[in-house]
Amino acid sequence: MNFVVVFVAAVVLFSLASAPARAAVTYDDKGFIINGHKKILISGSIHYPRSTPGMWPDILKRAKEGGLDVIQTYVFWNGHEPFPGKFNFEGRYDLVKFLKLAHQAGLYVHLRIGPYICGEWNYGGFPVWLRYVPGMEFRTDNKPFKVAMQRFVEKIVNIMNLEKLFEPQGGPIIMNQIENEYGPVQWDIGAPGKAYAKWFTQMAAGLNTAHVPWIVCKQEDAPPPMIDACNGFYCENFKPHHPHTPKMFTELWTAWFTAYGTPVPRRSAEDTAFSVARFIQYGGSYFNYYMYHGGTNFGRTGALFLTTSYEYDGLLDEYGLPNEPKYWHLAELHKVIKQAEPAIISSYPTVTWLGKSQQAHVYSAKTGGHCALFLSNTDQFPAKVTFWNKQYELPAWSVSIFPDCKTEAFNTARVKATTPLLRMVPTNTWFTWQSYVEYPPSVGDKDTHATDGIWEQVIMTRDASDYLWYTTDVFIASNEKFLKDGKETVLYVPSGGHELCVFVNGQLVGTAYGTLADPRLTFSKGVKLKAGVNKISLLSATVGLPNVGTHYEQWNYGIHAPVTLSGLNEGTRDLSKQKWSYRVGMKGDYLHLNTGSNSVAWAGGSHLTYKYPLTWYKSTFNAPDGNEPLTLDLGSMGKGLVWINGEAVARHWPANTARGKCGKCTYTGFYSETKCLTQCGQPSQRWYHVPRSWLKPSGNVLVVFEEWGGDPKGIKLNRRTKQYAN
Ligand code: GAL
């Protein structure tokens, strides 16, 4: 070997050795270590199917500019595998594209594979077909469930590997999650729950994730190597089960979700910042805003009674625009946390009580001279404190941060952001409506199916539609006394939920519906019957399937026995056992009216039918100029479904107004989801997001199916616009 060869070999060896080899993502009790650097990680939930690929780049850019390091998302099994073995990774479900965009935006990813995800998502993320696999029991030590779960988790992990999306492979994923909040279920079901937890821990830990760790949330006794984490409004007092794992706050709720019939919760910028700052003051090393961008439950994707909007008072609004002053105030806090980071990750705090509810936490690093001071006041009144011979005025319910121990850089209760008003401004789009009225089906009609007795709804629909028709004929003899007396008979219909429209001889005689708290309903009302055959048609609708609750796969929906008619000569007649005719969905579904199909004769002009039940409406329109987000004002409508160019936009239900206690809201004191409620007496949701990317410049087709008789003439298209007050 001559000298040159030796020299070249040495240079190659040296450069190989000094190339920054990508290491596993590791951690200690002070934080995650990524590529050799320990960090406090600031994260935000952005669920990819709750916005559109067209919106993703802007949302991710705003998240990065707002100071996030990490995007947290669930993986939505029912969106990815709508039919067993038939996968969908397109459009809003293009997970790989979303993760690559996050990476390009300079963000890491916390991938919550679940596949149980809760998340106010239909059926908690499980495909409805899963319920019908023989022997199936969800989220327990059940063979069919474990087989299905493992198959899906492996599928996702394989895709991530193939696309090199784990951080040590050069991708953005720095942590995974298996299951979701399993602790409470385990408490509930005991031994099979423990066995299942042990199984999923080993199953997940055995997968090749390029040494990216697994997290579980709200599962206090999680076996290693799972890192357990806290979810809540505040988590400063959380202590991880294993002392050598970082203190994680996987869901810091930025408010709460809205259901049809409930008010809209808000959480102040001050209190959200307070929760973050308290967590960091107490040595937290990862926190995640749930939700940073809540977005939209498009079409029928939302869970039980959930509104189409999933705005959640996130830092970005439903449309992806900064929700001020929250966005800016927290972006400022993030900067200060980063300044304080070197001290926090390398030391334990010295804690001094300065009063009953006032504390000082000093993080002082042994090397590098880093020092950070937190002064907190958890009282509901301002406090004067003295620390290090200096006097401080601490606002009520606040934390002051001194990232160098000297200068106060931030106080959670002092909001300096100017607040632009986000408004809904009308566009000059006018809708010219055409209508098509459909009538309740009759026994023996096309697409109906007759059988004895009353059947559970989802067994019939498999959730392919919200709607199931139950139709039966009732014979009334001419010698019935109630006919002679001119009286009514009482029709009684009980239902497991969620909503019911009752038609007698083709006429709507009433509606009934449950609530999120109790989805069941009963209809009991006098109805006019005639001598001879009477047609009773019951339109039962589910409004999303539940996403949480022990063994929710066993819950029932729709009408159940006994359906009775009382006030007859014979007394009460039980209709439950007689022949019923069923039809899944509306006639218009079979005729593809959601696309605006001309398979029926639509009526227009002076022939337009409106304010009438079971009516389809369509109109074409041109896209308004500009690129501001668009939203439909459906305040004049009752209940139903909306499509644009065949894409399912929403379940609308503005006629379901918010019931609850709205009132004064102070930022001080513990927040809860019932604290700062808005919209009481108003529709729980009036505005429905129409993504720009679903529109063509002209000839867009808007279709609305209306159950109750709302007025389409009141529908308007608006822009979501930011305006600064003068
Ligand atoms: C948590 C759950 C989330 C979401 C949240 C409420 O318990 O993990 O998925 O459902 O509650 O919005």
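Read on for a plain summary of the structure. (Residues numbered from 1 in each chain as written. Predicted model: local features only at pLDDT ≥ 70, side-chain atom pairs only at ≥ 80, totals over all residues. Heavy atoms only, no water.)

1. Here's the deal with the overall build of the protein
Stated formally: Under the DSSP-based scheme used, a helix requires at least four consecutive residues in state H or I and a strand at least two consecutive residues in state E, with every element numbered from the N terminus. We take the radius of gyration over the C-alpha atoms and set the globule estimate at 2.2 Å times the residue count to the 0.38 power. The buried label goes to any residue with under 20% of its type's maximum accessible area, the exposed label to any with over 50%, and the partly exposed label to all in between, with areas taken from a 1.4 Å probe on protein chains only. The Shrake-Rupley method, run with a 1.4 Å probe, gives the accessible areas here. Residue values count only the displayed protein chains as cover. His is not counted here, nor are the chain ends, while Lys and Arg score as positive and Asp and Glu score as negative. To locate a charge, the coordinates of NZ of Lys, CZ of Arg, CG of Asp or CD of Glu are taken.
Along the backbone of the protein there are 12 helices and 39 strands. Computed over the C-alpha atoms, the radius of gyration of the protein is 29 Å, within 12% of the 27 Å expected from 2.2 N^0.38 for a compact globule of 726 residues. With 726 residues in all, the protein has 58% of them scored as buried. Of the accessible surface of the protein, which amounts to about 28,800 Å², a share of 55% is contributed by carbon and sulfur atoms. Here the protein holds 71 positive side-chain charges and 60 negative ones, and the gap between their average locations is 2 Å.

2. Overview of the site of the ligand
What counts is decided by this rule: If even one non-hydrogen atom of a residue comes within 4 Å of a molecule or strand, that residue is called near it. Here a polar contact means two N or O atoms within 3.5 Å. Within protein one must be a hydrogen donor candidate and the other an acceptor candidate, and residues neighboring in sequence count only if both atoms are side-chain atoms. Asp, Glu, Lys and Arg are counted as charged, while Ala, Val, Leu, Ile, Met, Phe, Trp, Tyr, Cys and Pro are counted as nonpolar; the rest, among them Gly, fall into the polar class.
Close contacts around the ligand come from 15 residues, with Tyr74, Glu120, Glu181, Glu251 and Tyr312 the closest. Take Ile117: an N or O atom from its main chain is 3.3 Å from an oxygen atom of the ligand. Take Glu181: an N or O atom from its side chain is 2.5 Å from an oxygen atom of the ligand. Calculation on the ligand without its partners gives an accessible area of 310 Å², and the protein chains cover 95% of this total. Split by residue class, the shell around the ligand holds nine nonpolar, three polar and three charged.

3. A word on empty space enclosed by the protein
Taking a probe equal in size to a water molecule and rolling it over the atoms shows the remaining empty space. To be explicit about the condition: Both site types are read off a 1 Å grid over the protein atoms alone. A 1.4 Å probe that fits but cannot get out defines a cavity, while an open set with protein on both sides within 12 Å along at least five of seven lines defines a pocket; lining residues have an atom within 4 Å of a point. Grid points are joined across faces, edges and corners, and a volume is the space filled by probe spheres set on the points.
Considering all chains together, one arrives at two cavities of 30 Å³ or more under this definition. Quantified by volume, the largest cavity comes out at close to 70 Å³. Taken together, Phe138, Arg139, Val185, Ile189, Gly549, Thr550, His551, Tyr552 and Glu553 form the lining of the largest cavity. A class-by-class count of the residues in the lining of the largest cavity yields four nonpolar, three polar and two charged.

4. Some points on the state of the cysteines
Short version of the rule: In plain terms, two cysteine sulfur atoms within 2.5 Å form what is called a disulfide here.
On inspection of all chains with the given rule, the structure shows four disulfides. Each sulfur of the disulfide joining Cys371 and Cys405 lies 2.0 Å from the other. Where Cys371 bonds to Cys405 through sulfur, the torsion about that S-S bond is close to -75 degrees, and the disulfide is left-handed. Of this pair, Cys371 sits in strand E15 (residues 371-377) while Cys405 sits in the loop between strand E18 (398-402) and strand E19 (410-411), and the two are 34 residues apart along the sequence. Disulfide pairing places Cys662 opposite Cys680 at an S-S distance of 1.9 Å. With the S-S dihedral at roughly 90 degrees, the linkage between Cys662 and Cys680 falls on the right-handed side. Of this pair, Cys662 sits in the loop between strand E35 (647-652) and strand E36 (677-678) while Cys680 sits in the loop between E36 and strand E37 (687-690); the two residues are 18 residues apart in sequence, bridging distant segments of the chain. Residue classification places Cys662 among the partly exposed residues on the basis of a relative accessible area of 32%.

5. A few points about the sheet that holds strand E38 (residues 700-706)
Going by this rule: Here, a strand pair is defined by DSSP locating no fewer than two bridges between the strands. Note on geometry: axes are lines fitted to C-alpha atoms, helical ones only across the stretch in contact, with angles between N-to-C directions running from 0 to 180 degrees.
The sheet built from five strands is open, its strands ordered E21-E32-E38-E34-E35 with antiparallel pairing. Two strands in the sheet have a free side with no partner beyond their single neighbour: strand E21 (434-437) and E35. Each neighbouring strand pair of the sheet contributes to a mean axis angle of 20 degrees, computed without reference to strand direction. Two elements, strand E34 (residues 640-644) and E38, share five bridges in a ladder whose sense is antiparallel. Note on E38: the bridge partner recorded for Ile644 is Leu702.

6. Observations regarding the nonpolar core
Threshold: To form a nonpolar core, buried Ala, Val, Leu, Ile, Met, Phe, Trp, Tyr and Cys residues must be joined to one another through side-chain atoms within 4.5 Å. By definition in these notes, contact holds between two residues if any of their heavy atoms fall within 4.5 Å.
Of all hydrophobic cores here, the largest spans 127 residues; its most connected members are Leu111, Met160, Ile178 and Phe287. Every residue in contact with Leu111, bar those within four places of it in the chain, is listed here: Thr73, Val75, Leu95, Leu99, Ile156, Met160, Ile173, Met175, Asn176 and Gln177. Ranked by size, the runner-up nonpolar core spans 47 residues in total, among them Leu630, Leu641, Ala650 and Ile715.

7. As for the layout of surface pockets
Of the pockets and cavities examined, the largest pocket occupies roughly 1,100 Å³. Along its surface, the largest pocket is lined by 43 residues, and Pro82, Arg300, Thr301, Asp463 and Ala464 are the ones closest to its centre. When residues of the lining of the largest pocket are traced back to their parent elements, those giving at least two are helix H3 (77-80), helix H12 (587-590), E34 and E35. In the lining of the largest pocket, the residues fall into 23 nonpolar, 11 polar and nine charged. When its volume is computed, the second largest pocket comes out at roughly 730 Å³. In this structure, the second largest pocket is lined by 36 residues; those nearest its centre are Val264, Arg266, Glu311, Trp687 and Arg720. Of all the elements in the fold, those that place two or more residues in the lining of the second largest pocket are strand E11 (264-265) and strand E20 (420-426).

8. Considerations on helix H5 (residues 143-162)
Inclusion rule: Expected span, for any helix, means 1.5 Å times one less than how many residues it has.
Helix length check: H5 (20 residues) gives 28 Å between terminal C-alpha atoms against 28 Å at 1.5 Å per residue, within 8%. By the burial criterion, the buried members of H5 are Phe145, Lys146, Ala148, Met149, Phe152, Val153, Ile156, Val157, Ile159, Met160 and Asn161. Buried residues belonging to H5 abut H3, helix H4 (95-104), strand E6 (108-114), strand E7 (173-178), helix H7 (191-205) and strand E8 (214-217). Of the residues flanking the start of H5, the one acting as N-cap is Asn142, its side-chain oxygen 2.9 Å from the backbone nitrogen of Phe145. Downstream of H5 by one or two residues, Lys164 has phi in the positive range, about 55 degrees.

9. Here we look at the pairing of E18
Most of E18 is tucked away: five of the five residues are buried. A two-sided burial pattern is seen for E18, the buried positions comprising Ser398, Ser400 and Phe402 on one face and Val399 and Ile401 on the other. In this sheet, E18 lies alongside E15 in antiparallel orientation, the contact comprising five bridges. Note that in E18 the partner of Ser376 across the bridge is Val399. By the bridge criterion, two bridges tie E18 to E19 in an arrangement that is antiparallel. Counted as the bridge partner of Ile401 is Phe410 from E19.

10. Quick notes on the environment of Ala561
In this fold, Ala561 is placed in the loop between strand E28 (532-541) and strand E29 (564-568). Among the residues examined, Ala561 registers a relative accessible area of 44% and is labelled partly exposed. When the C-alpha atoms of Ala561 and Tyr492 are compared, they prove to be 9.8 Å apart, with 69 residues separating the residues in sequence.

11. With respect to the pattern of salt bridges
Condition: Criterion for a salt bridge: a side-chain nitrogen of Lys or Arg within 4 Å of a carboxyl oxygen of Asp or Glu.
By the definition in use, this model includes 34 salt bridges. For Lys335, the salt bridge goes to Glu332, with nearest N and O atoms at 2.9 Å. Here Lys335 and its partner Glu332 are both found in helix H9 (residues 326-344), three residues apart, which amounts to about one turn of the helix. Residue Asp485 is joined to Lys481 by a salt bridge in which the shortest nitrogen-to-oxygen separation is 2.8 Å. On the accessibility criterion, Asp485 (39% relative accessible area) is partly exposed. Shared partners join several salt bridges into a network, and the residues in it are Arg266, Glu311, Asp313 and Lys326.

12. Remarks on the packing of aromatic side chains
To keep things clear, this is the line we draw: Between 30 and 60 degrees the pair is tilted, below 30 it is stacked and above 60 it is edge-to-face, where a pair is any two Phe, Tyr or Trp rings, Trp via its six-membered ring, whose centres lie within 6.5 Å. Distance and angle both matter: a charge sits over a ring if NZ of Lys or CZ of Arg is within 6 Å of the ring centre and within 35 degrees of the ring normal.
Within the structure shown, the criterion is met by 58 aromatic pairs. The ring of Tyr234 is capped by Arg267, whose NZ or CZ atom sits 5.0 Å from the centre of that ring.

13. Considerations on the packing of helix H2 (residues 56-65) against H4
Where we set the bar: By convention the crossing between two helices is left-handed if the near helix lies anticlockwise of the far one by an angle smaller than a right angle, and right-handed if it lies clockwise.
Running from N to C, H2 and H4 cross one another at 35 degrees; their axes reach a closest spacing of 9 Å. Seen from above, H2 lies across H4 with right-handed handedness. Facing Trp56, Pro57 and Leu60 of H2, the residues of H4 in contact are Lys97, Phe98, Leu101 and Ala102. Its residues placed into classes, the contact of H2 with H4 shows six nonpolar, no polar and one charged.

It is worth stressing that arrangement in space is one thing and function is another; only the former is reported here.
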